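# Structure at a glance
Residue strings, one per chain:
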Amino acid sequence: MSSDDWSDTENDAVVASYFSMLNDELSGRSYNKAAQNRLVQQQIGRSRGAIEFKHCNVSAAAKGFGLPIVKGYQPRFNFQMALAEAISRWLAQHPDWETAVCRPHQSGMAETSSLFVGVAPTLRNTPPPEELEKMQAVARRFDVAGRDERNRVLDRAGEALVFHHERSQLHQQGRGDLAKRVRWVSQEDGDGAGYDIFSFTPEGRERLIEVKTTNGWERTPFHISRNELEVAEARREDWYLFRLYEFARSPKAFELRPPLDAHVTLTATSFQASFQ
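First things first, this report covers the structure right here in the doc.

What counts, and where the lines are drawn
- Residues numbered from 1 in each chain as written.
- Predicted model: local features only at pLDDT ≥ 70, side-chain atom pairs only at ≥ 80, totals over all residues.
- Heavy atoms only, no water.
- Helix = DSSP H or I, 4+ residues; strand = E, 2+ residues; numbered from the N terminus.
- Rg over C-alpha atoms; globule rule 2.2 N^0.38 Å.
- Contact = heavy atoms within 4.5 Å.
- Areas by Shrake-Rupley, 256 points an atom, 1.4 Å probe, with all protein chains shown as cover.
- Lys, Arg positive; Asp, Glu negative; His and termini not counted.
- Charge placed at Lys NZ, Arg CZ, Asp CG, Glu CD.
- Expected span 1.5 Å × (residues − 1).
- Buried < 20%, exposed > 50% of the residue type's maximum accessible area, 1.4 Å probe, protein only.
- Axes fitted to C-alpha atoms, helices over the stretch in contact; angles between N-to-C directions.
- Parallel < 35°, antiparallel > 145°, perpendicular 65-115°, else oblique.
- Left-handed = near helix turned anticlockwise from the far one by under 90°.
- Nonpolar A, V, L, I, M, F, W, Y, C, P; charged D, E, K, R; others polar.
- Pairing = 2+ DSSP bridges.
- Core = buried A, V, L, I, M, F, W, Y, C linked by side-chain atoms within 4.5 Å.
- 1 Å grid on protein atoms, 1.4 Å probe; cavity = no way out; pocket = protein on both sides within 12 Å on 5 of 7 lines; lining within 4 Å.
- Points joined across faces, edges and corners; volume = space filled by probe spheres on them.

Check the secondary structure of the protein chain and you find eleven helices and six strands. Here the C-alpha radius of gyration of the protein chain, 21 Å, is about what a compact globule of 276 residues would show, namely 19 Å. The C-alpha extent of the protein chain, read off along each of the three principal axes, is 65 × 55 × 40 Å. Nonlocal contacts in the protein chain, meaning residues at least 24 apart in sequence, comprise 66% of its contacts between residues at least 6 apart. With the model as given, the accessible surface of the protein chain reaches about 14400 Å², and the carbon-plus-sulfur share is 47%. Charge separation in the protein chain, taken as the distance between the mean sites of 35 positive and 38 negative side-chain charges, equals 3 Å.

Of note, the amide linkage connecting proline 258 to proline 259 takes the cis form, showing an omega dihedral of 0 degrees. Relative to the helices and strands, proline 259 is located in the segment after strand E6 (252–256).

In this model helix H1 (residues 8–27) runs 28 Å from its N-terminal to its C-terminal C-alpha over 20 residues, within 8% of the 28 Å that 1.5 Å per residue would give. Of the positions making up H1, those classed as buried are Glu10, Asn11, Ala13, Val14, Val15, Ser17, Tyr18, Phe19, Met21, Leu22, Asp24 and Glu25. One or two steps after H1, the chain reaches glycine 28, where phi turns positive at roughly 80 degrees.

With that out of the way, let us pick up the packing of H1 against helix H2 (residues 33–44). Running from N to C, H1 and H2 cross one another at 160 degrees; their axes reach a closest spacing of 10 Å. Regarding the angle of H1 to H2, the classification is roughly antiparallel. When you trace H1 past H2, the crossing you get is right-handed. Residues Glu10, Ala13, Val14, Ser17, Ser20 and Met21 of H1 touch H2, and the partners they reach there are Lys33, Gln36, Val40, Gln43 and Ile44. Counted by class, the contact of H1 with H2 contains five nonpolar, four polar and two charged residues.

Reading across the sheet, the six strands line up as E1-E6-E5-E4-E3-E2 and stay open at both edges, with mixed pairing between neighbours. Looking at strand neighbours, the two that pair on one side only are strand E1 (116–118) and strand E2 (183–184), the edges of this open sheet. As defined by bridge partners, strand E5 (residues 239–245) adjoins E6 across five bridges and the pair is classed as antiparallel. Within E6, the position partnered with arginine 243 by the bridge is phenylalanine 254.

Glancing now at the pairing of strand E4 (residues 206–213). Buried residues dominate E4, accounting for seven of its eight residues. From the end of strand E3 (residues 197–200) to the start of E4, which pair antiparallel, there are five residues, and glycine 204 there has a positive phi angle of about 100 degrees. Looking at chain direction, E4 and E5 are connected through six bridges and run parallel. Each residue of the ladder has a partner; that of threonine 213, found in E5, is leucine 244.

Before going further, it helps to spend a moment on the nonpolar core. Here is a general trend for soluble globular proteins: nonpolar side chains tend to be buried in one another's company. Among the nonpolar cores identified, the biggest contains 38 residues, and Val15, Phe19, Phe65, Leu67, Ile87, Leu91 and Trp97 are the most heavily contacted of them. For this core, the secondary-structure elements that each account for two or more residues are H1, H2, helix H3 (48–64), helix H4 (81–93), helix H5 (97–107) and helix H6 (132–141). What leucine 67 contacts, discounting residues up to four positions off in sequence, is Phe19, Ala62, Ile87, Leu91, Trp97, Glu98, Arg147, Asn215 and Gly216. Counting residues in hydrophobic clusters, the runner-up holds 35 residues, among them Leu161, Val162, Val182 and Tyr195.

With that settled, the discussion passes to the layout of surface pockets. Taken as a whole, the largest pocket encloses approximately 1300 Å³ of empty space. Pro221, Phe222, Thr265, Leu266 and Thr267 are the residues nearest the centre of the largest pocket, which is lined by 35 residues in total. Counting only elements with at least two residues in the lining of the largest pocket, the list comes to H6, helix H7 (144–150), helix H11 (226–234) and E6. In terms of residue count, the dominant contributor to the lining of the largest pocket is H6 (four residues).

This is the structure we're talking about:
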């Protein structure tokens, strides 16, 4: 191993330091980057500059994982997959971490009526970042979309936010009558309808909203079921995919309309096996 190669022990130490700072930042607590750097220096014997650069590498890998990143550590994408594996180990050792970081939004944020809904990245006049392929490789290898899908606290918190947002928007449009009829379908009736929120446009047309939530950036991949795709196709004029991102820090959103394959690449990730 050359002097430029980092061992698993070294990567684990830097990743643990990074998540310590990220926890403090997301919780609104102050922390000292220099002190964290000195602590890692004592643990692994690397220089201040090398550790600072590696923290920026962690930001890049974390972005690929669909995670929030520490402010001030701008992502540097020339990292080895061994660093992503260290993040995966840390997450496995702290299985409740992602649930904990979105708990504050489960109650207080759900009552907030203001939510910025911007333009989908595929509809902008800017090309995707050059590092997209590297982030997609991390997302595929570590099943980032599946991790978000299994995070029920994140899932429900995102749906709650959209439910309150829809009601608030209708009230602001003078349609309190419709706001009263907005339903959180997945909560009231269970999953299976092909959408989570039953809402309306100000003109009274139905809005069938499927909510997908992530703590990561706007291009973080997500899972979508065959049933959701079928409902999207059958109710093309009424179905909306509401994508929430950067949820743990300051939720933002955009909407996608069918056909979804005009915006995203749909890839089969599993198959049902039936006996002959």
